[in-house]
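Summary of structural features
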Amino acid sequence: MTVGQAEPAFQEAVRAVTQETGAGRLAALRGLGDLVAGHPGLRSRAVAALADGLRASTDADGWDTDARREAGRVLAVLLRPAAQTPAGSVDPGVDPEPPSAVDLDLRAATLVDLDLAGAVLGAARFADARFLGATSFADARFTGVADFVRTLWHGSARFTRARFLDHAAFGRARFRADADFTDTRFAAFAWFGRGEDEWWEDDPAWETVEETSPASWDEPNETDPHWPVAVLMGDYQEWSEGGDGARFVGPVSFRQARFAGPTWFFKARFAAAATFRQARFAGPVHLDQPTVDLTAATWAGAADDGPVCWPLGWTPAPAGPDGAQLVPDDSVRPYAGQLADADPDVRRAGLAALADLGDARPELRQRVVDAVCGYLRMPLSFDLAGPRTDGQAAELELRRTAQRILAARLRPSTDAPGGPHWPGMDLMLCGATLVDLDLGGCHVGHADFTGVQFHGDTRFAASVFTAATFTLGGGVGRASFHGPVSFVGARLDRRCSVREVLGEVAGRAGMVLVLDEAVSSPG
């Protein structure tokens, strides 16, 4: 039977999938899969019909958890290579083999226990999708652009041995459980940085941008920063600008991954172990988070390829046949990556080693500050308002220690007990959760506080900044204060007042904002 002969049955199958509910919809989904298995020429249209259903809102009639799980199962069968040709068919009347990859549009879809292991996809559009349960793209092959920006992963995510033949974008993706990219290949740009798109002024996408629905921001201890979905092309002048990057709460593995193009983890955050052991990098790299393990990783790029940034404590050795191996940097000992250790006592020793290193070597101070800021940007996975385990209490005290180390060295007092003054330091704390931060009297260069969650008592009294940002402007990327905060005598910018710099920051109940000219509470 040809596609034309199967068309009426196909139309009826799609109608049933759309209109049936409950058990009827489950049967309709299976029927659609069985029909297309014998007529691969219908595969692209069937995939599109299934995607339409999965993009339906969670309160849509009949698209419950069971229906979404079954639709995902049928989708997986259609996207695997075995679906391209009917088994045992040599009849010349059978439709010719379709293209090996099918485009898939699951933007803002809610997906349940999705298993696309071994699937072959063309352009894969998953922006703003929610993945419930365990998800697998193991051994999947992405032949077009793979867009996973702003996705939310509630369960484990497996990309083991996946192949990305074009750009792969995971900007501002949130992984709440473990993520496995072991032996994954990235042939082009691997982007785990900020999650906003950049569009030209005349891009028609602006007409529907308000219809984009990112997953709700319900992370522990955090008020929604309202990170932007898109910005006007040219608003960001540098790669370092913009909102938050990918966020990994559980362990993540990029062991033996291969990055053939630029590898961008700038502003990404790792709350647990992040292993890049035996990974291979071949282009520009920005991967400076202090929890990263680069044992036996290699870099085959060149100094003029573009920016290259590794965590403090790691450095490329002289290049060999496979490139330069990343090795511990003996020049910064006794610091040796202790902030990546799971033991809080080891991390405490690492913070002390960093402070001593910066005191003794002024040329390393900004890198030390960056490492401590990177530690403070690690997501805090437990609720500050609830009871704490001994381990959680130790982690919270370590964060306070890291804050005190910075503050003591940013105050210009010559008799400061915390060590010598470190002038001109920049603070990159985008998205951090800070508790009882006291930068009173500190002198700082540029500071990025966009999306920061300030808990407890926060003090900026008499502090001086070359420039500080607390929002991205227009109410997006805004910091939140969850308790009292003082800016008495502070200068946050050389040209703007404190009120102008703060803009539309968010204030939770109990916030008291103290300025020179007024005391105000949130409305």
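Computed from a predicted model, the values in this text were never measured in an experiment. Each chain has its residues counted from 1, running along the sequence as written. The model is predicted, so local features are restricted to residues of pLDDT at least 70 and side-chain atom pairs to those at 80 or more, both for listing and for counting; the totals for chains, interfaces and linings are taken over all residues. With hydrogens and water set aside, each side-chain value is computed from the structure's full complement of heavy atoms.

So, about the overall build of the protein. Note on conventions: DSSP H or I runs of at least 4 residues are helices, E runs of at least 2 residues are strands, and numbering of each starts at the N terminus. Helix and strand counts for the protein come out as eight helices and 41 strands. All radius of gyration figures rest on C-alpha atoms, and the globule criterion is 2.2 Å times the number of residues raised to 0.38. At 26 Å, the protein has a C-alpha radius of gyration in line with the 24 Å of a compact globule built from 523 residues. If you line up the protein on its principal axes, its C-alpha atoms span 90 × 60 × 50 Å. Three labels apply to residues, based on accessible area from a 1.4 Å probe with only protein chains included: buried if under 20% of the type maximum, exposed if over 50%, partly exposed otherwise in between. Counting every position in the protein, which comprises 523 residues, the buried fraction comes to 51%. Long-range contacts, defined as pairs at least 24 residues apart, comprise 48% of the intrachain contacts of the protein with a sequence gap of at least 6. Computed by Shrake-Rupley with a 1.4 Å probe, the accessible areas treat only the displayed protein chains as cover when residues are assessed. For the protein, the accessible area works out to roughly 21400 Å², and carbon and sulfur atoms hold 52% of it. Charge convention: Lys and Arg are scored as positive, Asp and Glu as negative, and His as well as the terminal groups of each chain are ignored. Charged groups are reduced to one reference atom each: NZ for lysine, CZ for arginine, CG for aspartic acid, CD for glutamic acid. Averaging the locations of the 50 positively and 70 negatively charged side chains of the protein gives two centres separated by 4 Å. What makes two residues a contact is simply this: any of their non-hydrogen atoms within 4.5 Å.

Attention shifts here to the sheet that holds strand S36 (residues 464-469). Any two strands are treated as partners once DSSP identifies two or more bridges connecting them. Read across the sheet, three strands follow the order S31-S33-S36 without closing on themselves; strand pairing throughout is parallel. In this open sheet, the two strands that pair with only one neighbour each are strand S31 (427-428) and S36. Pairing geometry for S31 and strand S33 (residues 443-448), over two bridges, is parallel. Looking at the pairing, Met428 lines up with Asp448 of S33.

Turning next to the packing of helix H3 (residues 43-54) against helix H4 (residues 65-79). Interhelical geometry of H3 versus H4 gives an angle of 155° and a closest axis separation of 10 Å. Classified by the angle between their axes, H3 and H4 sit roughly antiparallel to one another. Where H3 crosses over H4, the two elements pack in a sense that is left-handed. Along its contact with H3, which presents Arg43, Ala46, Val47, Leu50, Gly53 and Leu54, the element H4 presents Arg68, Ala71, Val74, Leu75, Leu78 and Leu79. For this scheme, ten residues count as nonpolar: Ala, Val, Leu, Ile, Met, Phe, Trp, Tyr, Cys and Pro. Four count as charged, namely Asp, Glu, Lys and Arg, and the remainder, Gly too, count as polar. By residue class, the composition of the contact of H3 with H4 is nine nonpolar, one polar and two charged. Only the stretch in contact is used when a helix axis is fitted, and all axes are lines through C-alpha atoms; the angle between N-to-C directions ranges over 0 to 180 degrees. Just so you know how the angles are binned, under 35 degrees is roughly parallel, over 145 roughly antiparallel, 65 to 115 roughly perpendicular, and the rest oblique. Left-handed describes a crossing whose near helix is turned anticlockwise from the far helix by less than a right angle; the clockwise case is right-handed.

In this section: the side chain of Thr182. By secondary structure assignment, the location of Thr182 is in the loop between strand S13 (179-180) and strand S14 (185-186). For Thr182, a relative accessible area of 17% corresponds to the buried category. Within the structure, the side chain of Thr182 is placed 2.9 Å from the side chain of Ser253, a separation counted as a polar contact. Leaving out residues up to four positions away in the same chain, Thr182 has contacts with Phe159, Thr160, Arg161, Ser253 and Arg255. Polar contacts, as counted here, are pairs of nitrogen or oxygen atoms within 3.5 Å of one another; within protein the pair requires one atom able to donate a hydrogen and one able to accept it, and residues that are adjacent in sequence qualify only if both atoms are side-chain atoms.

This brings us to the packing of aromatic side chains. Aromatic rings from Phe, Tyr and Trp, with only the six-membered ring used for Trp, were paired whenever their centres fell within 6.5 Å, and each pair was classed as stacked if the ring planes differed by under 30 degrees, edge-to-face if by over 60, and tilted otherwise. The full count for this structure, using the stated rule, is 59 aromatic pairs. Aromatic side chains Phe181 and Phe254 sit 4.7 Å apart centroid to centroid with 10° between the ring planes, which places their arrangement in the stacked category. Placement of the pair is Phe181 in the loop between S13 and S14 and Phe254 in the loop between strand S19 (252-253) and strand S20 (258-259), with a sequence separation of 73 residues.

What follows deals with the side chain of Arg68. Within the fold, Arg68 resides in helix H4. Between Lys or Arg on one side and Asp or Glu on the other, a salt bridge is scored when a side-chain nitrogen of the former is within 4 Å of a carboxyl oxygen of the latter. Of the side chains with opposite charge, Asp64 lies nearest to the buried Arg68, which makes no salt bridge, at 7.0 Å. At a separation of 3.1 Å, a polar atom in the side chain of Arg68 contacts the main-chain carbonyl oxygen of Thr110. Residues within four places of Arg68 in sequence aside, it is in contact with Gly53, Leu54, Ala56, Ser57, Thr58, Trp63, Thr110 and Val112.

In this section: the packing of helix H2 (residues 22-37) against H3. Between two packed helices, the angle of one axis relative to the other and the distance separating the axes together describe the packing. Contact pair H2 / H3: the axes reach a minimum separation of 10 Å and the direction vectors enclose 165°. In terms of their interaxial angle, H2 and H3 are classed as roughly antiparallel. When you trace H2 past H3, the crossing you get is left-handed. The segment H2 lies against H3, with Leu29, Leu32 and Val36 engaging Arg43, Ala46 and Leu50. When the residues that make up the contact of H2 with H3 are grouped by side-chain class, the tally is five nonpolar, no polar and one charged.

Let's shift gears to the sheet that holds strand S22 (residues 269-270). What the six strands build is an open sheet, ordered S2-S4-S8-S12-S18-S22; its pairing is parallel. Every interior strand has two partners, whereas the edge strands, strand S2 (110-112) and S22, have only one. Inspection of the sheet shows strand S8 (residues 152-153) paired to strand S12 (residues 174-175) by two bridges, in the parallel sense. From the neighbouring strand, Leu152 faces S12, where its bridge partner is Arg174.

This paragraph deals with the environment of Gly38. Considering the arrangement of structural elements, one finds Gly38 in the loop between H2 and H3. A sequence separation of 94 residues divides Gly38 from Leu132, and the C-alpha atoms of the two residues are 31 Å apart.

The next thing to look at is the pattern of salt bridges. A side chain of one charge can pair with a side chain of the opposite charge if their charged atoms are brought near each other. Applying the stated criterion to the full structure yields 34 salt bridges. The salt bridge partner of Arg247 is Glu219, with a shortest N-O separation of 3.7 Å. Of the two residues, Arg247 sits in strand S18 (residues 247-248) while Glu219 sits in the loop between strand S16 (197-199) and strand S17 (230-232), which places them 28 residues apart along the sequence. Glu219 matches Arg247 in its accessibility class, with the two residues each being buried. A salt bridge links Glu395 to Arg399; its shortest N-O distance comes to 3.0 Å. Of this pair, Glu395 and Arg399 both sit in helix H7 (residues 390-410), four residues apart, roughly one helical turn.

With that settled, the discussion passes to the confidence of the model for the protein. The quantity called pLDDT is the predictor's confidence in a given residue, expressed from 0 to 100. Per-residue confidence for the protein gives a mean pLDDT of 90, with 91% of residues at or over 70. For the stretch residues 92-99, pLDDT sits under 50, and the model shows 13 contacts to residues farther than four places along the chain or on other chains. Within the model, the stretch residues 518-523 combines pLDDT values under 50 with 14 contacts to residues more than four positions away or in other chains.

In this section: helix H5 (residues 344-360). Residue count minus one, scaled by 1.5 Å, sets the expected span of a helix. Compared with an ideal rise of 1.5 Å per residue, which puts 17 residues at 24 Å, H5 spans 24 Å between its outermost C-alpha atoms and is within 8% of the ideal. Of the positions making up H5, those classed as buried are Arg347, Gly350, Leu351, Ala353, Leu354, Ala355, Leu357 and Gly358. On the buried face of H5, the contacting elements are helix H6 (365-376) and H7.

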